[in-house]
Amino acid sequence: MAANKSLLILPGDGIGPEVMVQVRRVVDWFDQRREVTFEVKEGLVGGAAYDAHGTPITDETMEDAMAADAVLFGSVGGPQYDDAPRDLRPEMGLLRLRKDLDLFANLRPALTFDALLDASSLKPEVVEGLDLMIVRESTGGVYFGTPRGIETLEDGQRRGFDTQTYTESEIRRVAGVAFDLARQRRGKVTSVEKANVMESGVLWRQVVSELHEESYSDVDLGHMYADNCAMQLVREPTQFDVIVSDNLFGDILSDCAAMLTGSLGMLPSATLGAPDESGRRRALYEPVHGSAPDIAGKDMANPLACLLSFAMLLRYSFDLEEDASLVENAVQAVLKSGVRTSDIMAPGAARVSTTVMGDSIVRELDKQAA
Ligand code: IPM
Ligand code: MG
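Residues numbered from 1 in each chain as written. Chains lettered and ligands numbered in written order. Predicted model: local features only at pLDDT ≥ 70, side-chain atom pairs only at ≥ 80, totals over all residues. Heavy atoms only, no water.

### Focus: the site of ligand 1
Close to ligand 1 lie E91, R98, R108, R136, Y143 and D251. Here R98 contributes a side-chain N or O atom positioned 2.8 Å from an oxygen atom of ligand 1. Measuring from an oxygen atom of ligand 1, one finds a side-chain N or O atom of Y143 at 2.5 Å. Isolated, ligand 1 exposes 320 Å² of accessible area, and the fraction of that covered by the protein chains is 75%. (Near = heavy atom within 4 Å. Polar contact = N/O pair within 3.5 Å; in protein donor to acceptor, adjacent residues only side chain to side chain. Areas by Shrake-Rupley, 256 points an atom, 1.4 Å probe, with all protein chains shown as cover.)

See the structure below:
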């Protein structure tokens, strides 16, 4: 039978490739054992692409990404690229994918796994039952705004500058994603900016409120300044359902939210574009964690965030809810059985390698599907 879904897999740098090897086993498991079939292409991104081709992503790989039903991404970056010119840095591969595929809505869930409550640096009772979703705008704001640069002033000193900009339509479309998600969840959106000091924040708040009034008055909307939101996330994170914010605040708040769960190694993300006429939307899935060069190549990284990103892919790109749940349940069951990578190690648990974590997941999938 011809494969019915096309995937582009971009393992990237650092722990990306070794984590992706385990995820690939699960992709193949679904390909063989479930109704869905995949046509998988792999490509280079980040430092790996730079080393091979002198650019963090080639035009050919961009074309593959455009053509694929979904992109599964590992991680990029490493200290050896710190001195590369900005345009050629590994991160630019990821930013170009987001920008050129117009993937404006970055969904970053933070939810606690009961088996890992003790891994959080917060008290278990503070994070118990946590299930929030950060919707981070990901093609605009200070990441892409111009003018930007470092110039030399008349007095000889240098001045660095960036531009934070948001248009109404950029704000509306990401807020729409947040409201739609809230309707499927607990019906609450917190919109985050710093309207107290930023003009773009004033506009953000106005546009979100207008959209709310026009089309989403059934959703409970609140506004919060970004600094307060950071504080509230560690004080009482369960007050949130969906948080929507700009590119930079969303970047920061999602790292903070990730740590609430005990490990950055557990959190997946999805970055979505707008649906086209046929309802198909471009999408990229990636773990929230980075390339972790300090542990790369040691077979000790946690593959679960990338694996859970594949679960999001099944759900958001292909509507395969049952298959997505299979992955998520396998993760829960394996954690419950006391199998842990180093980052989520707990007293009495068994510390395993990346590969053995992959083995455990595949075995659990076999068991569930039996
Ligand atoms: C993220 C990362 C990226 C970002 C980097 C690698 C450019 O921190 O995905 O959160 O800042 O968006
Ligand atoms: Mg980040």
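Next comes the rest of the description.
### Comments concerning the domain arrangement of the protein
Split by domain assignment, the protein resolves into domain 1 (1-109 + 264-370) and domain 2 (131-260). Put simply, the middle of domain 1 and the middle of domain 2, counted by C-alpha atoms, are 25 Å apart. Taken together, the contact between domain 1 and domain 2 spans 18 residues of the former and 19 residues of the latter. Looking only at domain 1, the three residues that lose the most surface to domain 2 are K99, F104 and R108, adding up to 36% of its buried area. (Domains from an automatic or database assignment. Contact = heavy atoms within 4.5 Å. Buried area = accessible area lost by both parts, 1.4 Å probe.)

### Details of the environment of Y216
Here Y216 is to be found in the loop between α7 (199-215) and β9 (220-225). Using a relative accessible area of 10% as the deciding quantity, one classes Y216 as buried. For the pair Y216 and G176, spaced 40 residues apart in sequence, the C-alpha to C-alpha distance is 8.6 Å. Setting aside residues up to four positions removed in sequence, Y216 forms contacts with G176, F179, D180, R183 and L211. At a separation of 2.9 Å, a polar atom in the side chain of Y216 contacts the side chain of D180. (Helix = DSSP H or I, 4+ residues; strand = E, 2+ residues; numbered from the N terminus. Buried < 20%, exposed > 50% of the residue type's maximum accessible area, 1.4 Å probe, protein only.)

### Digging into the sheet that holds strand β10 (residues 242-245)
In sheet architecture, strand pairing relies on hydrogen bonds along the backbone and comes in two forms, parallel and antiparallel. Pairing within the open sheet is mixed, and its 10 strands lie in the order β2-β1-β3-β12-β11-β4-β5-β10-β8-β9. Looking at strand neighbours, the two that pair on one side only are β2 (38-42) and β9, the edges of this open sheet. Along the sheet, successive strands turn relative to each other by an average axial angle of 20°, direction set aside. In this sheet, strand β12 (residues 283-287) lies alongside strand β3 (residues 70-75) in parallel orientation, the contact comprising 2 bridges. What sits directly across from L72, in β12, is Y285. Across the sheet, helix α6 (residues 168-184) is in contact with β4 (105-111), β5 (131-137), β8 (188-193), β9 and β10; its angle to β5 comes to roughly 165°. (Pairing = 2+ DSSP bridges. Axes fitted to C-alpha atoms, helices over the stretch in contact; angles between N-to-C directions.)

### Comments concerning the pairing of β10
Residues of β10 alternate between two faces, with V242 and V244 on one and I243 and S245 on the opposite face, all of them buried. With 4 bridges connecting them, β8 and β10 associate as parallel partners. By the bridge assignment, T190 is partnered in β10 with I243.

### Regarding the side chain of T58
Mapped onto the elements of the fold, T58 is located in the loop between α2 (47-53) and α3 (59-67). Since its relative accessible area comes to 10%, T58 is described here as buried. For T58, the side chain forms a polar contact with the side chain of T61, separated by 2.9 Å. What T58 contacts, discounting residues up to four positions off in sequence, is H53 and R96.

### Observations regarding the nonpolar core
F30, L107, V135 and F310 are the most contacted members of the largest nonpolar core, which has 70 residues in total. Sort the elements by how many residues they give to this core and helix α10 (residues 304-316) lands first, with 9 residues. If we ignore the near neighbours within four places in the chain, the residues touching V135 are N106, L107, V174, V177, A178, L181, V242, I243, V244 and S245. If you look at the next biggest cluster of nonpolar residues, it comprises 20 residues, including A110, L132, A258 and L267. (Core = buried A, V, L, I, M, F, W, Y, C linked by side-chain atoms within 4.5 Å.)

### Side note on α10
Residues spaced three or four apart along an α-helix face the same direction, because each turn holds 3.6 residues. Its 13 residues place the ends of α10 18 Å apart at the C-alpha level, agreeing with the 18 Å of an ideal helix rising 1.5 Å per residue. Burial analysis of α10 places 11 of its 13 residues in the buried class, the great majority of the element. Those residues of α10 not exposed but buried are L304, A305, C306, L307, L308, S309, F310, A311, M312, L313 and L314. (Expected span 1.5 Å × (residues − 1).)

### Regarding the packing of aromatic side chains
The full count for this structure, using the stated rule, is 7 aromatic pairs. For the ring pair F38 and F318, a centre distance of 6.4 Å and an interplane angle of 45° mean the geometry is tilted. Here the residue F38 occupies a position in strand β2, and F318 occupies one in the loop between α10 and α11 (321-336), the gap between them amounting to 280 residues. Of the two residues, F38 and F318, neither departs from the other in class, the shared state being buried. Relative to Y216, the ring of F179 has its centre 4.7 Å away and its plane inclined at 20°; by these criteria the two rings are stacked. In this pair, F179 sits in helix α6 while Y216 sits in the loop between α7 and β9, placing the two residues 37 residues apart along the sequence. Both residues of the pair, F179 and Y216, belong to the buried class. Its guanidinium or amino end placed over the ring of F144, K99 lies 4.7 Å from that ring's centre, counting from NZ or CZ. (Phe/Tyr/Trp six-rings, centres within 6.5 Å; stacked < 30°, edge-to-face > 60°. Lys NZ or Arg CZ within 6 Å of the ring centre and 35° of its normal.)

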